[in-house]
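Examining the three-dimensional arrangement
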Amino acid sequence: MPGKPEKADRPTKTPVCSICGKPVDPAFPPFCSKRCANVDLHRWLNGSYAIAGESLDEDSASRPDDAED
Ligand SMILES: [Zn+2]
């Protein structure tokens with residue numbers, strides 16, 4: 001059974017923006033534009049802050065130091 005790697009679901013050669021799925025712009029890797037880069041940055045910051053605050057508070061109240069994941 002001859003496999004045909006080129007008939008893959010989606011070409012893995014071209015990296016795509018993880019924000020919108022457009023082809024990555026070499027000027028803003030791994031994003032397609034500065035806008036998407038900023039979007040990701042904001043997501044990361046917001047998520048980080050939210051998770052850190054929540055997790056810390058909940059964790060501290062529930063279990064002192066038993067981080068499994
Ligand atoms: Zn994008």
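Further up the page is the structure itself.
Residues numbered from 1 in each chain as written. Predicted model: local features only at pLDDT ≥ 70, side-chain atom pairs only at ≥ 80, totals over all residues. Heavy atoms only, no water.

Let's talk about the coordination of the zinc ion
- For the zinc ion, every protein donor is listed as Cys-17 (SG), Cys-20 (SG), Cys-32 (SG) and Cys-36 (SG), and the spread of their distances is 2.3 to 2.4 Å.
- Taken together, the four donor atoms coordinating the zinc ion and their angles of 97 to 119° define a geometry best described as tetrahedral.
- Mapped onto the sequence, the residues coordinating the zinc ion show the spacing C-x2-C-x11-C-x3-C. One exposure class covers both Cys-32 and Cys-36, and it is buried. (Donors = N, O, S within 2.8 Å, 3.2 Å for Na, K, Ca; no water. Tetrahedral: all angles 85-135°; square planar, octahedral: opposite > 155°, others 65-115°. Buried < 20%, exposed > 50% of the residue type's maximum accessible area, 1.4 Å probe, protein only.)

Focus: the environment of Lys-22
- On the secondary structure map, Lys-22 appears in the segment before helix 1 (34-62).
- A residue is classified by how much of its surface remains accessible, and Lys-22, at 52% relative accessible area, is exposed.
- Taking C-alpha positions, Lys-22 is 6.1 Å from Cys-32, a pair spaced ten residues apart along the chain.
- What Lys-22 contacts, discounting residues up to four positions off in sequence, is Pro-15, Val-16, Cys-17 and Cys-32. (Helix = DSSP H or I, 4+ residues; strand = E, 2+ residues; numbered from the N terminus. Contact = heavy atoms within 4.5 Å.)

Points about unusual backbone geometry
- Note the cis peptide between Pro-29 and Pro-30, where omega equals 0°.
- Following the sequence through the fold, Pro-30 ends up in the segment before helix 1.

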